[in-house]
Amino acid sequence: MAFFLQAFTSRLTRKYLLIFSLILIIPTIIIYRLIVSYAQNVMEEHIARDNLIGADAIVNRLNAEITNVVLQLQLIAGQNLAYQTDGKTMYENAKQTIAKSSMLHAIYYVDNESRMRFEAPFSPEMQAVSYAYPGLEHVRWSYTYMVSGLLENYRKETAVTIAVPVYYKDRTFHGALVAELSRDYLSEMLRTMSASREGFSYLLDLNGRVIASSEEDILGKDLGSDSIGQRLMVGDSGLITSLYQGRESIVAYQQMRDNWGLALGIPKDIAFQPVQLLGRALTISFLSIFVLSLLLILFGMRGLLYPIIHLTRFANKYRQEHTLEALQADRMDAKDELSVLTGTMKALTHELDFKERFLRDVIEGIPYALVTINHEGLVTHANDKFYHLFQIHWTDPTKPHISVIPELSNMSSLQGESELTILGDRGERNIVRIVAAPFHNGVLAVLQDVTQIKLLEEHVSQSEKLAQMGQITAGVAHELKNPLAVLASSSELIKDEMMETHQDFELIRTLVYDIDEEIARMSGIVNQFLSFAKTKSEDEGLIEVDQLIERVLHLLRIKFNESKVIVNKQFEALLPLILGRYNKLIQLFLNLFLNSIDAMPSGGLLTLSIMRKEQELEVRIEDSGEGISQNDMQWLFNPFFSTKEQGTGIGLTIASEIIREHGGEIQIESILQQGTTVICKFPIQRKEITV
């Protein structure tokens, strides 16, 4: 009892019982109702379909039987014969027809004066018997057959009949040949077709009286006032749930072609008897499961729930006191899963302490400053390198706020990579790269002093530029050889002319002019070469990109010829001007063109395209070289990464920086052994100036 009092005071126990109710009891009731309802719906649909099919089958059979009787009567009456059939012949034919048909009870002939002439099979001649057959006038004027409802025959008995007119070629009406149908046969046919379904069926005439029925106690009754009879009397057909002899039933009703109506149904208590049996079986099953579950709950609370409660209390105590000594010995000694769980918890705490120390050592050992800041700007953690980098001491160690470092005051809103400049202890400027990312309840930032790396990058950039100058030196030397040859030739001619007695001053003037022109040309070549080598900052100006590229191609024309590279230019007309730094862009395209030449060691095709795309000026450089593998593509813009044996790995990094300075972007697409395409985009919406 003490155990149950202790267990039921636990929130876990209450939750356990609530979950049991929600998971077992309530779903069990819902499933029970769904199964029973679904079974009833399926059974009702099945019964309704069977009723409709059965009613349709009975109607088709009755219509066929009536049609057959009509044909037999027409043959007996001798319709459309050229000669008159006498009464004796009709009587004999009627006897034979009755003998062959179970549906016919009797056949008699009523002449046009309402006199009985004979009644087969027992009265070949009848004297002085008058019978006002109700359908005589109908067949007289319609010249077709008539199926009656319940009526009184000449013997004062209730009967149902089919009558056909007796006439010949002259269309003179002689009377009606009337066949009384066997109501017993009709009832037996309904009974036979309903017996397998344990249901009922009946035929109604136009006045709502029962002609035939599978149950004898309603024969001749007037059912025209109930819901089914009312529908049949107006010629309706369908399916209805209605009362039949005080029992709710599913009834299919259908109108026949001769004003008869058929009702076929089955009481619901009979129809749903299998569902009721299923419901009882499910009820017993669910009650058994419920009782079994209660027993399992009691055993579970004793063997499982209480140890869990005890373990929870132990865990709370461990969190407060950080010790496992309070654990009961019997729990540790028990050979079950809970003892394993308890031992695992103890081992996990030791492992957690070890990993916490390991993580702290890793954070302090990384060569970068690391700090986490919450959304309020408070520093939640920082390693020693962060304090060393900024040389700070918090005035309130319990609430260190990042605002004490002005350069980092907006760090809580930073994301991605950025750079900032801070002043060192001696007033020197240091560049710090920050990589920030969303963190739990704030931002995690890694800071690195990249001052020396920036200086190294500038040095490597200048080295790369000097390497490029070496590659175009051959072109410059070739450019200087031609003017030097002209100068030497002109100087020699002047010497010769000066030695002559009769000097041609016009020729001397021309030679001097040629010398001056070639000297100016050589000076221009040298100045262009030197201007490229300058590293001082350059102001932005209006630049025609197509002319700039033409200039780079001119500088590299010797390199293109030696490398057997053919240049295909596809420049659009009326290209816009952009605002940029001329020498920077020269350096950009020199880098890219030299990379393309190196990618085609055996020669190839270099296609250059310049086009305007909406608000961008796009330059495409496509070579037919060796291409770049997908593994190398992701590293192309990393400093010092190169796919060439003698490459510095800084060319594309510099190119990327130059394009970014001009507000553009660079993309590289490549297929191995098929070639590489470099796409440079410049945003002309911001850079373009109308002149």
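Computed from a predicted structure; not experimentally measured.

Colleague: Any chance you could break down the overall build of the protein for me, citing the residues and the numbers?
Modeller: Counting its regular elements, the protein contains 19 helices and 24 strands. Counting only residues that meet the buried cut, the protein has 40% of its 691 residues in that class.

Colleague: Quick rundown of helix H3 (residues 87-100)? Include the residues and the values.
Modeller: Residues spaced three or four apart along an α-helix face the same direction, because each turn holds 3.6 residues. Helix length check: H3, at 14 residues, gives a terminal C-alpha distance of 20 Å against a target of 20 Å (1.5 Å per residue), a fit within 8%. The complete set of buried residues in H3 reads Met90, Tyr91, Ala94, Thr97 and Ile98. For H3, the buried positions fall inside an angular range of 125° around the axis, keeping them on one side. Across from the buried face of H3, at angles greater than 90 degrees, the exposed residues are Lys88, Ala99 and Lys100.

Colleague: Give me the sheet that holds strand E10 (residues 238-244): which residues, what numbers.
Modeller: Strand order across the open sheet formed by five strands is E9-E8-E12-E11-E10, with antiparallel pairing between neighbours. Sheet topology places strand E9 (210-213) and E10 at the edges, where each strand pairs with a single neighbour. This sheet shows a mean twist of 30° between the axes of neighbouring strands, independent of strand direction. As paired elements, strand E11 (residues 247-255) and strand E12 (residues 261-267) share seven bridges and run antiparallel to each other. Residue pairing for E12: tyrosine 253 is matched across the bridge by alanine 263.

Colleague: Pulling in residues and values, what's your account of the packing of aromatic side chains?
Modeller: Following the criterion strictly, the structure yields 11 aromatic pairs and no others. With 6.1 Å between their ring centres and 75° between their planes, tyrosine 108 and tyrosine 131 make a pair best called edge-to-face. Here tyrosine 108 is found in strand E1 (residues 104-111), whereas its partner tyrosine 131 is found in the loop between strand E2 (116-120) and helix H4 (136-142), with 23 residues between them in sequence. The same class applies to tyrosine 108 as to tyrosine 131, namely buried.

Colleague: Before we move on, can you summarise the sheet that holds strand E7 (residues 175-181) with the specific residues and values?
Modeller: The strand order E2-E1-E7-E6-E3 describes an open sheet built from five strands, whose pairing is antiparallel. At either end of the open sheet lies a strand with only one pairing partner, and these are E2 and strand E3 (146-147). Of the strand pairs in this sheet, E1 and E2 are connected by four bridges, and their pairing is antiparallel. If you follow tyrosine 108 over to E2, its bridge partner there is glutamate 119. Sitting on the sheet, H3 touches E1 and E2, and the angle it makes with E2 is about 25°.

Colleague: Outline the side chain of serine 213, listing residues and values.
Modeller: Structurally, serine 213 is set in strand E9. Of the polar contacts made by the side chain of serine 213, one reaches the backbone oxygen of serine 201; its length is 3.4 Å. With sequence-adjacent residues up to four places away left out, serine 213 is seen in contact with Ser187, Leu190, Arg191, Ser201, Tyr202, Ile218 and Leu219.

Colleague: Kindly report on empty space enclosed by the protein, identifying the contributing residues and their values.
Modeller: Under the criterion given, the structure shown has one cavity of 30 Å³ or more. Volume-wise, the largest cavity comes out at about 40 Å³. Contributing to the lining of the largest cavity are Leu204, Asp205, Leu206, Leu232, Met233, Gln255, Asn259, Trp260 and Gly261. Grouping the amino acids of the lining of the largest cavity by side-chain chemistry returns five nonpolar, three polar and one charged.

Colleague: I'd like to hear about the packing of helix H14 (residues 545-555) against helix H16 (residues 582-598), residue by residue, with values.
Modeller: At a minimum axis separation of 10 Å, H14 and H16 run at an interaxial angle of 55°. One element, H14, and the other, H16, form an angle in the oblique class. For the crossing formed where H14 meets H16, the hand is right-handed. Judged by residue contacts, Leu548, Ile549, Arg551, Val552 and Leu553 of H14 engage Tyr582, Leu585, Ile586, Phe589, Leu590 and Phe593 from H16. Classifying every residue of the contact of H14 with H16 by side-chain character gives 10 nonpolar, no polar and one charged.

Thresholds, definitions, all that
- Residues numbered from 1 in each chain as written.
- Predicted model: local features only at pLDDT ≥ 70, side-chain atom pairs only at ≥ 80, totals over all residues.
- Heavy atoms only, no water.
- Helix = DSSP H or I, 4+ residues; strand = E, 2+ residues; numbered from the N terminus.
- Buried < 20%, exposed > 50% of the residue type's maximum accessible area, 1.4 Å probe, protein only.
- Expected span 1.5 Å × (residues − 1).
- Arc of directions from axis to C-beta.
- Pairing = 2+ DSSP bridges.
- Axes fitted to C-alpha atoms, helices over the stretch in contact; angles between N-to-C directions.
- Phe/Tyr/Trp six-rings, centres within 6.5 Å; stacked < 30°, edge-to-face > 60°.
- Contact = heavy atoms within 4.5 Å.
- Polar contact = N/O pair within 3.5 Å; in protein donor to acceptor, adjacent residues only side chain to side chain.
- 1 Å grid on protein atoms, 1.4 Å probe; cavity = no way out; pocket = protein on both sides within 12 Å on 5 of 7 lines; lining within 4 Å.
- Points joined across faces, edges and corners; volume = space filled by probe spheres on them.
- Nonpolar A, V, L, I, M, F, W, Y, C, P; charged D, E, K, R; others polar.
- Parallel < 35°, antiparallel > 145°, perpendicular 65-115°, else oblique.
- Left-handed = near helix turned anticlockwise from the far one by under 90°.

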